[in-house]
Amino acid sequence: MNTPQTLSKQRQKSALTLLKADHDKVKQLFKLYEKLAEKEDVAGKTAIANEICAELTAHAAAEEEVFYSAAKEKIDDDDLINEADVEHDTAKDLIAQIQIMSPTNPMYDAKMKVLDEYITHHVEEEESEMFPKAREADLDLKALGAEFTERKEELLEKVQDAQGNIDPAKLKILAVEEASHKH
Ligand SMILES: [Fe+2]
Ligand SMILES: [Fe+2]
């Protein structure tokens, strides 16, 4: 959980720095997931899968609401952002499927693997195509960064219990809700 100090430091960062940090964090979590799945550590891999799903759900929603909506106004490439939006919807569908599936189901690892590959592709496009355009556009990236962090924290709190840990039941509800909110 973020202390007020880390939150105020993040408030001064560019939205692009914060988005990239999230992308890198999830990449590491997927690597960890793979290791735990290989060891057949069901409890361990489920905890990491839940962390990945919570991170991605909060990231995608905050990114759409704060960053994509501002970028749509200032970047003259609607196709690029619309495609990214569609990719978010597909990822959310997959996350909802994972959340309603038992981790002992043989398809669970396959779905996590496809989610990993899908997110890797999506993140590459964001970082190589959208971010350079955002840097050139007339966007207040620091203000967007602050807004993004605030919204993401708000969403993460929805899936946490009183101790700040992920509550699987709350995560399932949010994941299914997000998957049904189509554009
Ligand atoms: Fe992203
Ligand atoms: Fe994204």
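## Things to note about the overall build of the protein
Link 1 in the chain: Tallying secondary structure elements over the protein gives seven helices and zero strands in all.
Link 2 in the chain: Beginning at the N terminus, the succession of helices and strands in the protein can be written as α-α-α-α-α-α-α.
Link 3 in the chain: Buried positions account for 32% of the 183 residues belonging to the protein.
Link 4 in the chain: In the protein, once contacts between residues fewer than 6 apart in sequence are set aside, the share between residues at least 24 apart is 74%.

## Considerations on the environment of Arg-135
Link 1 in the chain: Within the element layout of this structure, Arg-135 appears in helix α5 (residues 107-136).
Link 2 in the chain: In this structure, the C-alpha to C-alpha distance between Arg-135 and Ser-14, residues 121 residues apart in sequence, is 10.0 Å.

## A few points about the nonpolar core
Link 1 in the chain: Formed by 43 residues in total, the largest nonpolar core has its most connected members in Ala-15, Cys-53, Leu-56, Phe-67, Ile-95 and Leu-144.
Link 2 in the chain: Put simply, the parts of the chain that give this core at least two residues each are α2 (15-38), α3 (42-74), α4 (78-99), α5, α6 (141-158) and α7 (168-180).
Link 3 in the chain: Excluding its chain neighbours within four sequence positions, the residues that come into contact with Cys-53 are Ile-95, Ile-98, Gln-99, Leu-171 and Ala-175.

## Considering the packing of α3 against α7
Link 1 in the chain: Following both chains from N to C, one finds α3 and α7 inclined at 40 degrees, their axes separated by 10 Å at the closest point. Relative to α7, the element α3 is oriented oblique. Between α3 and α7 lies a crossing whose hand is left-handed. Note on element contacts: α7 touches α3 through Pro-168, Leu-171, Leu-174, Ala-175 and Glu-178, opposite Asn-50, Cys-53, Ala-54, Thr-57 and Ala-61.
Link 2 in the chain: Split into classes, the residues belonging to the contact of α3 with α7 amount to seven nonpolar, two polar and one charged.

## What to know about unusual backbone geometry
Link 1 in the chain: Positive phi values are uncommon outside glycine, yet Glu-40 reaches one of about 55 degrees.
Link 2 in the chain: Locating Glu-40 in the fold gives a position in the loop between α2 and α3.
Link 3 in the chain: By the C-beta count within 10 Å, which is 10 here, Glu-40 ends up exposed.

## Observations concerning the packing of α2 against α3
Link 1 in the chain: One way to put it is that α2 packs onto α3 with a least axis distance of 9 Å and a crossing angle of 160 degrees. Viewed along their axes, α2 and α3 adopt a mutual orientation that is roughly antiparallel. Crossing geometry of α2 relative to α3 is assigned as left-handed. Contacts between α2 and α3 involve Ala-15, Leu-19, Asp-22, Lys-25, Val-26, Leu-29, Phe-30, Leu-32, Tyr-33, Leu-36 and Ala-37 on the former and, on the latter, Gly-44, Lys-45, Ile-48, Ala-49, Glu-51, Ile-52, Glu-55, Leu-56, His-59, Glu-63 and Phe-67.
Link 2 in the chain: Looking at the contact of α2 with α3 residue by residue, the classes come out as 14 nonpolar, two polar and six charged.

## What about the environment of Leu-171?
Link 1 in the chain: In this structure, Leu-171 sits in helix α7.
Link 2 in the chain: Placed 117 residues apart in sequence, Leu-171 and Ala-54 show a C-alpha to C-alpha distance of 6.6 Å.
Link 3 in the chain: With residues up to four places along the chain from it excluded, the contact list for Leu-171 reads Asn-50, Cys-53, Ala-54, Gln-99, Val-159 and Ile-166.

The rules behind the values
- Residues numbered from 1 in each chain as written.
- Chains lettered and ligands numbered in written order.
- Predicted model: local features only at pLDDT ≥ 70, side-chain atom pairs only at ≥ 80, totals over all residues.
- Helix = DSSP H or I, 4+ residues; strand = E, 2+ residues; numbered from the N terminus.
- Buried ≥ 20, exposed ≤ 12 C-beta atoms within 10 Å, placed from the backbone.
- Contact = placed C-beta atoms within 7 Å.
- Core = buried A, V, L, I, M, F, W, Y, C linked by C-beta atoms within 7 Å.
- Axes fitted to C-alpha atoms, helices over the stretch in contact; angles between N-to-C directions.
- Parallel < 35°, antiparallel > 145°, perpendicular 65-115°, else oblique.
- Left-handed = near helix turned anticlockwise from the far one by under 90°.
- Nonpolar A, V, L, I, M, F, W, Y, C, P; charged D, E, K, R; others polar.

Interpretation in functional terms is not warranted from these geometric data alone.
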